[in-house]
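Now for the letters of each chain:
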Amino acid sequence: MSTGPTRKHTALPKAQTLIEALPWLTRHHGKTVVIKFGGNAMVNEELKAAFAQDVVFLHHAGLRPVVVHGGGPQISAALDRHGIVSEFKAGLRVTTEDAMDVVRMVLAGQVQRELVGLLNQHGPLAVGLTGEDAHTITATRHTPEIDGERIDIGRVGEITAIDTGAIEALLADGRIPVVSSIARSQDDGDSGHVYNVNADTAAAALAAALDAETLMVLTDVEGLYEDWPNSDEVISRLTASQLEKLLPELSSGMVPKMEGCLHAVRNGVTTARVIDGRVQHSILLEIFTDEGIGTMVVPDEKGES
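Residues numbered from 1 in each chain as written. Predicted model: local features only at pLDDT ≥ 70, side-chain atom pairs only at ≥ 80, totals over all residues. Heavy atoms only, no water.

Undergrad: So, unusual backbone geometry: which residues are in play, and what are the values?
TA: Despite not being glycine, histidine 135 has its phi angle at roughly 55°, a positive value. The exposure class assigned to histidine 135 is partly exposed, which follows from its relative accessible area of 42%. Non-glycine residue aspartate 147 carries a positive phi angle of around 55°. By secondary structure assignment, the location of aspartate 147 is in the loop between strand E7 (145-146) and strand E8 (149-150). (Buried < 20%, exposed > 50% of the residue type's maximum accessible area, 1.4 Å probe, protein only. Helix = DSSP H or I, 4+ residues; strand = E, 2+ residues; numbered from the N terminus.)

This is the structure in structure tokens:
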């Protein structure tokens, strides 16, 4: 008995999945998408492998992915090994000169190398760089305000300029840039030369400077909740102005992510999305399916403020 019809039947759902992706493939072809890699996806081996597959899929589907990463858990572990206490103020890591050496080593020498290696299992695609390279990210010392007083948290940077030249050249060459969230000092007389910058903020600034179609921020939650902790209902879509009103009520961990989304859509990025990095292939589900997952932020409609 022939098994032909049976084989066709079992393969049909795969074909339907591909066809569902077609309008999204058409819409996003040739567009730049900046992805902030973080949370559980950075430390779980299966999620890391799935993330690399997703990014390579985007590349082969005709998009131009750019990956930006931090490395909070890895930095904390390395600081512990060096006998340096991890301290946070205003939601930011206090970064002494000694801590900065460790941060730089972990981000550029460990996290980035591993991610580049995972991507390059699929071909000669990924190239790692930090914000120091080719003046990609420039920063000045950030002094947050606590209780009306400016405090010194060391080598933590506030981004002052982005130069996309190196990233654009890599994209034009068919590569996938992987950017560590370290910035050069804008002060040539600064003996420290580099700053630790928030990776969510760096991803948003790069997305705006690259005129990206989309900023995607991987998190360890399903998205932005409607009324947390009273409800676990996720807001699927909101405008920049709606988000701005919500910002004061958000948990400290979500603030830089959502501020980044707000900055992106107010500076030319078409959509910014916060998605659950604990879900395998969440990037593909968000970009190539009708339902999508997570929370999408869009620019204000004309007349809205």
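Undergrad: Please set out the sheet that holds strand E13 (residues 214-219) residue by residue, giving values where relevant.
TA: Ordered in space as E5-E10-E2-E1-E13-E15-E16-E14, the eight strands form an open sheet in which the pairing is mixed. Single-partner strands in this sheet number two, and they are strand E5 (126-130) and strand E14 (237-239). On average, each strand axis in the sheet is inclined to that of its neighbour by 20°, with strand direction left out of account. Pairing between E5 and strand E10 (residues 176-180): five bridges, direction parallel. Looking at the pairing, glycine 128 lines up with valine 178 of E10. Of the strands in this sheet, strand E1 (32-37), strand E2 (64-69), E10 and E13 touch helix H6 (residues 199-209), which is tilted by about 175° from E1. Where helix H8 (residues 255-265) meets the sheet, it contacts E1, E13, strand E15 (271-276) and strand E16 (295-298), and its direction lies at approximately 175° from that of E13. (Pairing = 2+ DSSP bridges. Axes fitted to C-alpha atoms, helices over the stretch in contact; angles between N-to-C directions. Contact = heavy atoms within 4.5 Å.)

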